[in-house]
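# Results of the structural survey
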Amino acid sequence: MDEEDRRIETHPDLVDPNWQKHAELDAWLGAKKELKKKRRKQRKAAASGGGYREPGSSRWPGIAAIVGLIVLVLAAVTVNAVQERGVNETPWFPLDESQITRLVTDA
């Protein structure tokens, strides 16, 4: 391609008046289609309470997580109230001093 064909004003496709009409019409229709899409999206967002939510999204997983957390906390409180001796309250070594001396002297 020589330098003359590279210039946009003298390009063979752009010099043809029929091609220019088709290009202008396609550009106008494309812009009109995009504007319709944008308006439809805005109407849809306004109809759903102002915020845009993705299709298929639901509040139920969040509600289920909160309910599950409440149940776990209630279970922990109940177990703590019912048990007699906690894990941290038991001695580290299960034998007391009298049992240890008896074992040592018997051996």
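Look above for the structure.
This text gives an overview of the structure that appears in the document. (Residues numbered from 1 in each chain as written. Predicted model: local features only at pLDDT ≥ 70, side-chain atom pairs only at ≥ 80, totals over all residues. Heavy atoms only, no water.)

## Considering the overall build of the protein chain
This is how it is decided: Every helix listed is a DSSP run of H or I at least four residues long, and every strand listed is a run of E at least two residues long, numbered separately from the N terminus. Residue exposure (1.4 Å probe, protein chains only): buried if accessible area is under 20% of the type maximum, exposed if over 50%, otherwise partly exposed. Accessible surface area values rest on a Shrake-Rupley calculation with a 1.4 Å probe, where residue burial reflects the displayed protein chains alone.
The helix and strand tally for the protein chain stands at 5 helices and 0 strands. Helices (α) and strands (β) of the protein chain occur, in sequence order from the N terminus, as α-α-α-α-α. Expressed as a percentage of its 107 residues, the buried residues of the protein chain come to 2%. For the protein chain, the accessible area works out to roughly 10400 Å², and carbon and sulfur atoms hold 60% of it.

## Considering a positive patch on the surface
Rules: Patch members must show over 30% relative accessible area and no salt bridge, and they are joined within 9 Å when carrying like charges or within 5 Å when they are nonpolar side chains of Val, Leu, Ile, Met, Phe, Trp or Tyr. A pair is scored as a salt bridge if a Lys or Arg side-chain nitrogen falls within 4 Å of a carboxyl oxygen belonging to Asp or Glu. When charges are counted, Lys and Arg are positive and Asp and Glu negative, with His and the chain ends excluded. Lys charges are placed at NZ, Arg charges at CZ, Asp charges at CG and Glu charges at CD.
A contiguous patch of positive charge on the surface is contributed by Lys32, Lys33, Lys36, Lys37, Arg39, Arg40, Lys41, Arg43 and Lys44. Note that Lys37 resides in helix H3 (residues 17–47).

Everything listed here is a matter of coordinates, which is why it stays silent on function.
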